[in-house]
Amino acid sequence: MDRLKLKAVLGSHPHVQAVKSGEFRSDLFDLDFIEYTPTNTAFKPMVREQAFDVCEMAIVTCLMAKAHGKPLVLLPATMLGRFQHGYALHNPARGTLRPSDLEGKRVGIRSFTTTTGAWIRGILANDYGVNLDSIRWVTFEDPHVAEYVDTTERAPKDKKILQMLLDGELDAVLGETSNDPKLKPLFPDSAAEAAKWYARRGVVPVNHLVVVTEQLAKSRPDVVAGIYDLLKRNKELAGPAASPDLIPFGIEANRKPLELIVDYAFQQALIPRRYAVEELFDETTRGLN
């Protein structure tokens, strides 16, 4: 049988370097890597056109793709996980702003459907009691999933999100970091807040996992299992996992973060119902651990 040639997009993470360099290879397939910088610019062509065979994918985009019947299959292989509290900023020159003060304010975010945005909004609503519907959301990009109806206010095309925050046109922004000394985290000690949140929830917020096309999953489940195996071997090569493990692999290791982001996405009307974790996978990927 001829080796399959698969188009693939993965970010430049330390835990995938052996796969991307070809040090780790399979007898069944070759991965032809296409570079996208930043990686999230590959999500739209993957969702809308299935432009690649294998692709890193933000989990909220993946959930929304499922809701709209896109032929993608999720692998329980985390590429990026991180605590989210440090990805919210405000401008203290314009007055003190606490998370609980956001109601009625103008808050900027690259796209309303970003995974970081969904995580932070979930934290604001469920841990700080913020009414998300009272916030005036200002966005800069379309959702990756074209069918989603975006009702947010769109920033003028010539505007940049951080400059709008500096100029007082936004009260806060989500999903951004900055070295500008004029801007400060919305959560004053974001690391301490994240540690408290983790102690309470026991969840690592996963941002990006991996998807394959449904066509590949149905025609070559052995290849899909082989892709997962390569990625898992590379993760193990990269060294022992930190505590907590920010790049969990396997269904059980990802169960709690997936359950929580499904919950948050449903609360925020990004998906029409709560999916069980098992529903997010197919017959092959459901057995990967």
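With respect to the sheet that holds strand E2 (residues 29–33)
Point 1. Taking strand neighbours across the sheet as the criterion, the 5 strands line up as E2-E1-E3-E11-E4 in an open arrangement whose pairing is mixed. For this open sheet the edge positions go to E2 and strand E4 (72–81), each flanked by a neighbour on one side alone. For this sheet, the mean inter-axis angle between neighbouring strands, taken without regard to orientation, is 30°.
Point 2. As defined by bridge partners, strand E3 (residues 54–58) adjoins strand E11 (residues 206–213) across 5 bridges and the pair is classed as antiparallel. Paired with alanine 58 across the strands is histidine 208, a residue of E11.
Point 3. In the packing of helix H4 (residues 115–128) onto the sheet, the strands contacted are E3 and E11, and the crossing angle to E11 comes to about 135°.

With respect to the pairing of strand E1 (residues 4–9)
Moving residue by residue along a regular strand, the side chains alternate between the two faces of the sheet.
Point 1. In terms of strand pairing, E1 meets E2 through 5 bridges, oriented parallel. If you follow alanine 8 over to E2, its bridge partner there is phenylalanine 33.
Point 2. Pairing of E1 with E3, which is carried by 2 bridges, proceeds in the parallel orientation. Of the residues in E3, the one forming a bridge with alanine 8 is valine 54.

Analysis parameters
- Residues numbered from 1 in each chain as written.
- Predicted model: local features only at pLDDT ≥ 70, side-chain atom pairs only at ≥ 80, totals over all residues.
- Heavy atoms only, no water.
- Pairing = 2+ DSSP bridges.
- Helix = DSSP H or I, 4+ residues; strand = E, 2+ residues; numbered from the N terminus.
- Axes fitted to C-alpha atoms, helices over the stretch in contact; angles between N-to-C directions.
- Contact = heavy atoms within 4.5 Å.

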